[in-house]
Structures are given as structure tokens and as C-alpha cells.
Amino acid sequence: MNIDIITIQPELLKSPFEHSIMKRAQEKNLLSVEVHHLRKWAVNEYGQVDDYQYGGGAGMVMMCEPLSKAIEELSASRKFDEIIYLTPDGKTLNQKIANMLSLKNNLLLLCGHYKGIDERIRQKYVTREISIGDYVLSGGELAAAVLVDAIGRLLPGVLGDETSALTDSFQDNLLAPPVYTRPEEWEGLKVPDILMGGNHKKIDEWRYEQSLQRTRERRPDLLDSIE
Ligand code: 6GU
């Protein structure tokens with residue numbers, strides 16, 4: 001999968017993909033992330049990409065022309081399956097959306113800043129608008145990094161153990177069960193006996209029950225869609 005990202009803060013999008021699973025995904029050529037600096041398509045020699053908003057009010061708006069030039073130029077070499085604008089007024093990201101996007105080949109992500117991007121870019125190019133939760137970030141970059149991570153780890157071959165993404169929290173609308181490692185007893189707290197017994201059928205049942213219980217307690221809203 002190729003993911004192109006258009007931003008005015010390319011530095012913010014370096015480190016998130018240079019470590020751990022995202023690094024491995026790129027080394028294995030399962031994922032390629034290309035970050036493009038919007039200033040390359042600025043309207044003048046000062047690097048201008050934003051302007052005051054019509055109607056007045058504080059805050060700048062990212063202009064149509066740099067964004068459309070960037071989108072057109074990148075679209076000439078790739079047929080994007082989706083052009084996604086990261087914005088707090090988009091649809092809240094969830095595992096279902098991440099799963100669906102992980103099946104695409106070419107994604108283009110647009111990161112907004114200030115008051116956001118000119119509405120006409122959204123009308124003309126954007127196929128999907130995504131938020132990562134009900135709070136406001138200073139720009140779309142960290143949200144884009146979250147989205148790329150959520151999608152990238154789902155690509156076949158990226159996770160070492162192919163089954164591990166399937167047992168994540170949310171993959172079946174359940175939270176993950178508790179996990180333990182050595183030592184067997186720590187500060188008087190013991191690992192549940194069932195996990196020490198080696199009966200895998202019983203262990204699976206226990207984990208499923210724990211998942212259900214945890215979801216009931218913490219996120220009953222998730223159960224509405226399966227029970
Ligand atoms: Cl995608 N962008 C910004 N600026 N803030 C957000 C967000 C996105 N998602 C949640 N908050």
C-alpha cells in the first residue's frame with residue numbers, strides 16, 4: 001500500500017514511521033509512506049499557502065490553489081482510491097474504518113491547519129473525512145500518523161504473528177482480555193490459575209468471558225452491535 005500525505009509540517013510526520021511496526025512494514029515493502037510539503041505548491045515566493053477567511057474572523061484558511069496543484073500532481077502518478085481529509089468534523093475513526101482502508105492500494109491524506117482548508121477542496125476532491133476523536137489537535141498531522149499506524153499494522157505480513165491483529169481490542173467489538181507474564185506471583189498478586197494449566201480450550205473460554213465482562217463494564221456501547 002502507498003500512502004501519500006500532504007502537510008505544512010512534514011517534520012511532525014517523520015518519527016512516527018521510523019520505528020517499530022511501521023518501520024518494519026516499510027522495510028518489507030508492504031507499506032510506503034511519502035510525505036509532501038505543501039509549500040512546494042505555494043502561490044508565491046514567500047511560500048504562502050493560506051489566507052484570511054472571507055466574512056472575517058480570526059484564523060487562516062488553507063487556499064485552494066496549492067492543495068489542488070498538489071493533489072493533481074500526485075494524482076498524475078497514482079490513482080488514489082481515497083482522498084482523506086483529517087478534520088475534527090469528520091467521521092470518528094474506528095477499527096471498522098481502519099479494516100476497510102487497509103484493503104485499498106493508494107491513499108492520499110490531507111492535513112489541515114489553522115481554521116482548516118477551503119471548503120471547495122473538500123467538495124471537489126475529498127472522498128472521506130476522518131477525525132480521531134472529540135477533542136481538537138493543532139493540526140491533522142498527529143491524526144494522520146494515528147490513521148497510518150492503525151491501517152499499516154493490518155496489512156498482511158506486517159505483524160509477525162498473523163493472528164495477533166485478530167485478537168486486538170475492537171477487532172470483534174470486544175475489548176482485549178487481561179494479560180500476564182513472569183513472574184507467576186508479584187507483590188502477592190498471582191496469575192489466574194486457568195492460565196497456568198495449559199488447557200487451551202479452557203483458556204480461550206476464560207479469555208472470551210474476560211473480554212465480555214471488561215466490555216460490559218467499560219464500553220457497553222460496543223456490545224449493542226453484537227448482542
Ligand atoms: Cl483529524 N484534526 C484535528 N486538527 N483535530 C482533531 C482531529 C483531526 N481528530 C480529532 N481532533
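Whatever comes next refers back to the structure up there.
Residues numbered from 1 in each chain as written. Predicted model: local features only at pLDDT ≥ 70, side-chain atom pairs only at ≥ 80, totals over all residues. Heavy atoms only, no water.

Engineer: Looking at this structure, I do not really get the site of the ligand. What am I missing?
Structural biologist: The local shell around the ligand consists of Leu86, Thr87, Pro88, Ile130, Ser131, Ile132, Gly133, Tyr135, Val136, Leu137, Gly139 and Ala143. The side chain of Ser131 places a nitrogen or oxygen atom 3.4 Å from a nitrogen atom of the ligand. Relative to its unbound accessible surface of 290 Å², the ligand loses 96% to contact with the protein. Contributing elements (two or more residues each) for the shell around the ligand: strand E5 (82-92) and strand E7 (128-131). Residue contributions to the shell around the ligand peak at three residues, all from E5. Residue classes in the shell around the ligand are distributed as eight nonpolar, four polar and no charged. (Near = heavy atom within 4 Å. Polar contact = N/O pair within 3.5 Å; in protein donor to acceptor, adjacent residues only side chain to side chain. Areas by Shrake-Rupley, 256 points an atom, 1.4 Å probe, with all protein chains shown as cover. Helix = DSSP H or I, 4+ residues; strand = E, 2+ residues; numbered from the N terminus. Nonpolar A, V, L, I, M, F, W, Y, C, P; charged D, E, K, R; others polar.)

Engineer: Help me out: how do you make sense of the sheet that holds E5 in this one?
Structural biologist: For sheets, the rule is that strands pair by backbone hydrogen bonds, running either parallel or antiparallel. Read from one edge of the open sheet, five strands run E2-E1-E6-E5-E7, paired in parallel fashion. The open sheet terminates on both sides in strands that have one partner only, identified here as strand E2 (32-37) and E7. For this sheet, the mean angle separating the axes of adjacent strands, direction not counted, is 30°. For strand E1 (residues 2-7) and strand E6 (residues 106-111), the ladder comprises five bridges, and the chain directions are parallel. Bridge pairing in E6 places Ile3 opposite Leu107. Sitting on the sheet, helix H2 (residues 64-77) touches E1, E2, E5 and E6, and the angle it makes with E1 is about 160°. (Pairing = 2+ DSSP bridges. Axes fitted to C-alpha atoms, helices over the stretch in contact; angles between N-to-C directions. Contact = heavy atoms within 4.5 Å.)

Engineer: Just to check I follow, could you spell out the side chain of Thr7 for this structure?
Structural biologist: Residue placement: Thr7 occurs in strand E1. A polar side-chain atom of Thr7 sits 2.7 Å from the main-chain amide nitrogen of Gln9. Each residue touching Thr7, except ones within four places of it in the same chain, is listed here: Leu13, Val35, His36, His37, Leu38, Cys111 and Glu141.

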